Amino acid sequence: MERDMEIFGTGNIRALRRTWLGLGFAAHLFAVAVGAVTFLPSSDARAAAPSACADLQAKYPSLKGKTLVNAINPHTPGYETIDPNDPTKYIGFDIDLGEAIGECLGFKLEYTPVTFAALLTTLQAGQADIVISDIYATKDRAKAGDFITYLKVYDGVLVAKGNPKKINGINKSLCGAVAAENTGYVEVPLIQALEAECKAAGLPAPEIQLYDNNANCIQAILAGRADTYINDVNTVDGAVKAYPDKLEKATAVTLPYSVGIAVPRNNNDFRAAVMAALTEIQKSGQQVEMMKKWNLPEAQMEEPKLVLAD
C-alpha cells in the first residue's frame, strides 16, 4: 500500500504479464501506443449525488462539464483494478469514490495507469489532475501534491500457511526474514529501520525484495521466495481468501497514516472543492455504502483532513 516518490517508470511489462492483471494492462499499454489515453470506469460506478452538490457546482462553476484525468495504479483489488469481465474498464472503491466526487462537482473522470511510484510524478508533470489510488498521505509526499484524507490505514501481515517464521508484526520477528514489498511503499523504510534492532540482538537484518505490484509480492510468498508481505489489510485478506490453503494473515497492525486524494499543490480552489464534495459524500452515507460494496470496514472511514508539506 505505501510507497515513496522514487521514479520507477511506466512499469515492467514482463513482470506484469506474470500476474492475473498482466494481459489487461498490456492491452492498455498497446492502446496508449496507438493513441488512446485512458480506460473507463465500470458502468455502475456512478451514484446519485447528494443534494448539497448542486450548491457546490454553483460555488465551483469552472469544474462543471470538464473531463479530468485520474492517475491510478490498477493493481490493488478492492480499490482499483482492471475489470476481469471487461479489460477496457476499471473497478474498485477508489474508482467509485472518484466518480462520486466528479458527479458531485459536475466533472467526469478518465484514467491513466502508471506504476505506484510514478503516481505523484505524473501529477507533478501535469499529466494528471488528481490521484485517487490508495496512496498514503505523508508530509514527504505532500511535497509533490496536497492531500485530502478519506480512510485510516490498517496493514495485514501476509505469511505462508502455518507462519513458519513466526512473524507477528513490524518488529524483531522480521529479523532474518525476507519481505516482498512494492517499490516506494511506506512499509519499506519501516522494515529497513529494524536493521539496527536486529543487529543489536545478534540477529540478521530483514531482507526486502521489491516488486511492481501486489500480485507479484503475493506470488513471491507462494513460490517460497519471500516469507511475508505487509500491506493494506484488505489486500492481505483478499490474498488469503484467494489462497486459503497456502496463505494466512499473521496479524494486523495500525500504521500512523491516512489514505489520501492527491491534487496539485497550492490549487486551493480545486482542493477545497474536492474536500467539500468528499465531506458531502460522507455525510450522505454514500461512502459507507461504497465501502460495504467493496468489503471495507466502516470503521476505516476517516473524516477529511488536509496533509500538506508546509
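Scroll up a little and you will see the structure.
If you're wondering where the values come from, they're calculated on a predicted model, not measured in any experiment.

K.L.:
I keep staring at the overall build of the protein and nothing clicks. Help me out?
P.N.:
Across its full length, the protein holds 11 helices and 13 strands. Within the span of the protein, comprising 310 residues, buried residues form 54% of the whole. Counting only contacts in the protein whose residues sit at least 6 apart along the sequence, the fraction spanning at least 24 positions is 77%. Of the accessible surface of the protein, which amounts to about 13,100 Å², a share of 53% is contributed by carbon and sulfur atoms.

K.L.:
Sorry if this is basic, but what is going on with the state of the cysteines here?
P.N.:
Working definition of a disulfide: a covalent bond connecting the sulfur atoms of two cysteines. Here the structure, examined in full by the defined rule, presents two disulfides. What pairs with Cys53 in a disulfide is Cys104, and their sulfur atoms sit 1.9 Å apart. With the S-S bond torsion at -95°, the cross-link from Cys53 to Cys104 turns out left-handed. Taken together, the positions of Cys53 in helix α3 (residues 53–59) and Cys104 in helix α4 (residues 93–105) put the pair 51 residues apart, joining distant regions of the chain. Grouping residues by exposure puts Cys53 and Cys104 together as buried. For Cys175, the disulfide goes to Cys198, at an S-S distance of 1.9 Å. Sign of the S-S torsion, about -90° for the bond between Cys175 and Cys198, identifies this disulfide as left-handed. With Cys175 in the loop between β8 (146–160) and β9 (178–182) and Cys198 in helix α7 (residues 195–200), this pair connects stretches of sequence that are 23 residues apart. Given the relative accessible area of 14%, Cys175 is considered buried. For the protein, the bonded cysteines connect in the pattern 1-2, 3-4 when numbered consecutively along the sequence.

K.L.:
I'm lost on the packing of aromatic side chains in this one. Help?
P.N.:
For any pair of aromatic rings, the description rests on two quantities: the centre-to-centre distance and the angle between the ring planes. Applying the stated criterion to the full structure yields four aromatic pairs. Geometrically, the ring pair formed by Tyr90 and Tyr111 is edge-to-face, given 5.8 Å between the ring centres and 70° between the ring planes. Remark: Tyr111 occurs in strand β6 (residues 108–113) and Tyr90 occurs in strand β5 (residues 89–91); sequence separation between them is 21 residues. Each member of the pair, Tyr90 as well as Tyr111, is classed as buried. Relative to Tyr257, the ring of Tyr136 lies with its centre 6.1 Å away and its plane at 25°, an arrangement referred to as stacked. You can see Tyr136 sitting in strand β7 (residues 131–137) and its partner Tyr257 sitting in strand β12 (residues 247–263), a full 121 residues away along the chain.

Conventions used here
The residue numbering used here restarts from 1 in each chain and proceeds along that chain's sequence as written. At least 70 in pLDDT is required for a residue's local features to be given in this predicted model, at least 80 for side-chain atom pairs to be given and counted, and no such filter applies to totals for whole chains, interfaces and linings, which use all residues. Excluded from the side-chain calculation are hydrogens and water; included are all heavy atoms of the structure. The helix and strand labels rest on DSSP assignments: H or I over at least four residues marks a helix, E over at least two residues marks a strand, and numbering proceeds from the N terminus. A 1.4 Å probe rolled over the protein chains alone gives each residue an accessible area, and that area as a share of the maximum for its type sets the label: buried under 20%, exposed over 50%, partly exposed in between. Contacts are assigned to residue pairs that have any heavy atoms within 4.5 Å of one another. Working definition of accessibility: Shrake-Rupley area with a 1.4 Å probe, residue cover restricted to the visible protein chains. Cysteine sulfur pairs qualify as disulfides if the two atoms are within 2.5 Å. Aromatic rings from Phe, Tyr and Trp, taking only the six-membered ring of Trp, are treated as a pair when their centres fall within 6.5 Å; an angle between ring planes under 30 degrees marks them as stacked, one over 60 as edge-to-face, and anything in between as tilted.

As far as function goes, none of this settles anything; it's purely spatial.
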